[in-house]
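Structural characterization, general
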Amino acid sequence: SNVNVSVAPILTKLQKECAAPLPVLRNVADAMTADMRAGLVVDGGGELKMILSYIDALPTGNERGLFYALDLGGTNFRVLRVQLGGQEERVQATEFEQVSIPQELMRGTSEELFDFIATGLAKFAEKEAGKFHLPQGRQREIGFTFSFPVKQTSIDSGILIKWTKGFSVSGTPGKDVVACLNEAMERQGLDMRVSALVNDTVGTLAGARYWDEDVMVAVILGTGTNACYVEQMDAIPKLQGNKSPSGRTIINTEWGAFSKGLPLTEFDIDMDAASINPGEQIYEKTISGMYLGEIVRRVLLKMAEEGALFGNSVPEKLSMPFVLRTPHICAMQQDYSEDLQAVGSTLYDVAGVESSLKARKVVIEVCDTIVKRGGRLAGAGIVSILQKIDEDSNGAIFGKRTVVAMDGGLYENYTQYRRYVHEAVTELLGTEISKNVVIEHTKDGSGIGAALLASANSKFD
Ligand code: ADP
């Protein structure tokens, strides 16, 4: 009955603390640009790692031949082959397969895991037929997308820093992951070689750039978040003059680690403290899909406890971390019915909550507050990269069409989030300049991107 009276102050405080008006966004964008610059001077110079990709040949469309890609980034690995036919024929054929990784292998030895992957790759390669054709005397080449923290040491080598995402395989950290795969392929008698080791954002950029040479940035907004972009080698002091003919390379920003100037609340601070990596990945924890639902849950729990949001008892399930996921809050925000039926049933299914219409309206407001902050801060991140590129090219990009390739389930599925990202970019750049900035959704481009980078870095040219 007087639910809103006791909940209202909590909501008002939340909205105030999460607000990301233009001056806050500008401050975040400028601080991130400055941090990028510091990270390009020396490793560890900023919060953003600004990892060198060692890629200096971007896809052009001229690529020809048969190339493979292998993608290891979660509970599945994917293998793909593509037959490329140059400018006219482009992608003549593709085939892919997905193999799920048995739980026990995610906690086993390095040899077991890589043998399993090499075996899957060998089975896939055996089925090569039809439109796929390898010229005589050439070895099959692979672009290897490996989405774990790696210290890249060349285009085709990189040391695993640590496993994440539920993997704890013994023997790999500190080793070159390409060597691990090559050794496993040898044990399996598989005659293939890795030509490019690729981060997934870098693969996304390469995949999009193949179709559109105005692509300068790739952003992933999914479970986690990251971004990469095309940088002038002259603007990378830590390269110490090691330049390639193209004069350009891709920088993997690892922007999830950023933290300066973000509007944070007690809910963010508590969630971070309870996380497996406290103090790390603060930007990621504010904007990415893994966390948005959990922040909302923490707010609702406080509202239930201190504001009787759901009546006099506090629903037990609401105290369980991560019961409310981002797809749930997304589904609730798509409910345009008068009685908010879907909000009610989601709350009931997920947290065993019986809710009044008034409570449902508050829940929507909370979701919107958290998602608006996330989307707007993601937009500020995009602008920080665009202005970094622009500063180093003497204003050359804001005068012409520039494409940001976007991938990830959060951006793809969450309409409101996507709108907030776009709004923030437009506000920051102004309507004139933002007309030149195209944010393009590219679904699963990273696989083909890795194969294209294998081609661009082929040992047989
Ligand atoms: P990943 O980032 O795990 O490689 P995706 O790019 O597919 O994979 O992103 C998956 C993430 O996207 C999920 O963890 C979730 O946070 C978000 N997501 C997926 N589906 C939805 C949805 N319907 N609404 C909102 N967010 C979603």
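Along every chain, residues carry numbers that run from 1 in the direction the sequence is written. With the structure being a predicted model, the display of local features is reserved for residues of pLDDT at least 70 and the display and counting of side-chain atom pairs for 80 or more, all residues being used for whole-chain, interface and lining totals.

As recorded in an unreviewed UniProt entry, the chain goes by Phosphotransferase and comes from Citrus clementina. UniProt positions are given in the numbering used here, feature names are shortened, and annotations may be inferred rather than shown by experiment. In UniProt, the chain has this text filed under Subcellular location (unreviewed entry): "Mitochondrion outer membrane".

Moving on: the overall build of the chain. Helix and strand content of the chain: 15 helices and 13 strands. Note on method: radius of gyration uses C-alpha positions; expected globular size equals 2.2 Å times residues raised to 0.38. Relative to the 2.2 N^0.38 estimate, which gives 23 Å for 461 residues, the radius of gyration of the chain is 23 Å and therefore close to what a compact globule would have. By its C-alpha atoms, the chain is 80 × 50 × 40 Å across when sized along the principal axes. We call a residue exposed when 12 or fewer other C-beta atoms sit within 10 Å of its C-beta, buried when the count reaches 20 or more, and partly exposed for counts in between; the C-beta positions come from the backbone. In the chain, buried positions account for 47% of the 461 residues. Here, residue contact means that the backbone-derived C-beta atoms of the two residues sit within 7 Å. Sequence-distant contacts, at least 24 apart, represent 73% of the contacts inside the chain between residues at least 6 apart. For the purposes of this entry, the term helix denotes a DSSP run of H or I that reaches at least four residues, the term strand denotes a run of E that reaches at least two, and both are numbered from the N terminus.

All right, on to helix H4 (residues 110–126) then. Here H4 is 17 residues long and its end C-alpha atoms lie 24 Å apart, about the 24 Å a rise of 1.5 Å per residue gives. In this structure, the buried residues of H4 make contact with strand E2 (64–72), strand E3 (76–85) and helix H5 (177–187). How far a helix is expected to stretch is found by multiplying one less than its residue total by 1.5 Å.

A few words now on the packing of helix H2 (residues 22–41) against helix H14 (residues 415–434). In this analysis an axis means a line fitted to C-alpha atoms, helices contributing only their contacting stretch, and an angle means the value between N-to-C directions, from 0 to 180 degrees. Viewed as axis vectors pointing N to C, H2 and H14 meet at an angle of 85°, and their least axial separation amounts to 10 Å. On the basis of the axis angle, H2 is roughly perpendicular to H14. Touching Leu 22, Leu 25, Arg 26 and Ala 29 of H2 are Ala 424, Glu 427 and Leu 428, all from H14. Broken down by class, the residue content of the contact of H2 with H14 amounts to 5 nonpolar, no polar and 2 charged. Small angles under 35 degrees read as roughly parallel and large ones over 145 as roughly antiparallel, with 65 to 115 read as roughly perpendicular and the rest as oblique. Polar here means any residue outside two lists: the nonpolar Ala, Val, Leu, Ile, Met, Phe, Trp, Tyr, Cys and Pro, and the charged Asp, Glu, Lys and Arg; Gly therefore counts as polar.

What follows is about the confidence of the model for the chain. pLDDT gives the predictor's per-residue confidence on a scale running from 0 to 100. On average, residues of the chain score 94 in pLDDT, and 99% of them reach the 70 mark or higher. In the predicted complex, the global pTM is 0.95; the interface-specific ipTM is 0.98.

Moving on to the nonpolar core. In summary, soluble globular proteins display a tendency toward joint burial of nonpolar side chains. As used here, a nonpolar core is made of buried Ala, Val, Leu, Ile, Met, Phe, Trp, Tyr and Cys residues. They are joined through C-beta atoms within 7 Å. Ranked by internal contacts, the top residues of the largest apolar core, which has 136 residues, are Phe 144, Leu 181, Val 217, Val 296 and Ala 451. By residue number, the principal contributor to this core is helix H12 (residues 357–392), which donates 15 residues. Not counting chain neighbours up to four residues away, the residues in contact with Ala 451 comprise Phe 67, Tyr 68, Ala 69, Leu 80, Val 82 and Gly 143.

Here we come to the domain arrangement of the chain. Residue ranges assigned to each domain were obtained from an automatic or database domain assignment. Taken domain by domain, the chain comprises domain 1 (1–51 + 212–443) and domain 2 (54–198). Each of domain 1 and domain 2 was reduced to a C-alpha centroid, and the two centroids are 31 Å apart. Opposite the 6 residues of domain 1 that make contact, domain 2 presents 4 residues. Ranked by residues supplied to the side of domain 1 that touches domain 2, first place goes to strand E11 (residues 248–252) with 3 residues. Its residues placed into classes, the side of domain 1 that touches domain 2 shows 2 nonpolar, 3 polar and 1 charged.

Between H12 and H14, the least distance of the axes is 7 Å, while the angle of their chain directions is 45°. For the element pair H12 / H14, the angle class is oblique. The handedness of the crossing between H12 and H14 is right-handed. In this structure, H12 contributes Asp 368, Val 371, Lys 372, Gly 374, Gly 375, Arg 376, Ala 378, Gly 379, Ala 380, Ile 382 and Val 383 to the contact, and H14 contributes Gln 416, Tyr 417, Tyr 420, Val 421, Glu 423, Ala 424, Val 425, Leu 428 and Leu 429. Rotating anticlockwise by less than a right angle from the far helix to the near helix defines a left-handed crossing, while the corresponding clockwise rotation defines a right-handed one.

Around the ligand sit 13 residues in total, of which Gly 222, Gly 289, Cys 330, Gly 409 and Asn 413 are the nearest. For the shell around the ligand, the residue count by class is 5 nonpolar, 8 polar and no charged. Residues are counted as near a molecule or strand when the C-beta atom, derived from backbone positions, lies within 6 Å of that molecule or strand.

Let's shift gears to the sheet that holds strand E10 (residues 225–232). Here 6 strands make up an open sheet; going across it, the order is E1-E11-E10-E9-E12-E13 and the pairing mixed. This sheet does not close on itself; its edge strands, each paired only once, are strand E1 (51–52) and strand E13 (437–441). DSSP calls a pair of strands paired once it identifies at least 2 bridges connecting them. For strand E9 (residues 215–221) and strand E12 (residues 402–407), the ladder comprises 5 bridges, and the chain directions are parallel. If you follow Val 217 over to E12, its bridge partner there is Val 404. Across the sheet, helix H6 (residues 200–211) touches E9, E10, E11, E12 and E13, and the angle it forms with E9 is around 135°. Packing of H12 onto the sheet brings it into contact with E9, E10, E12 and E13, and relative to E9 it is tilted by some 160°.

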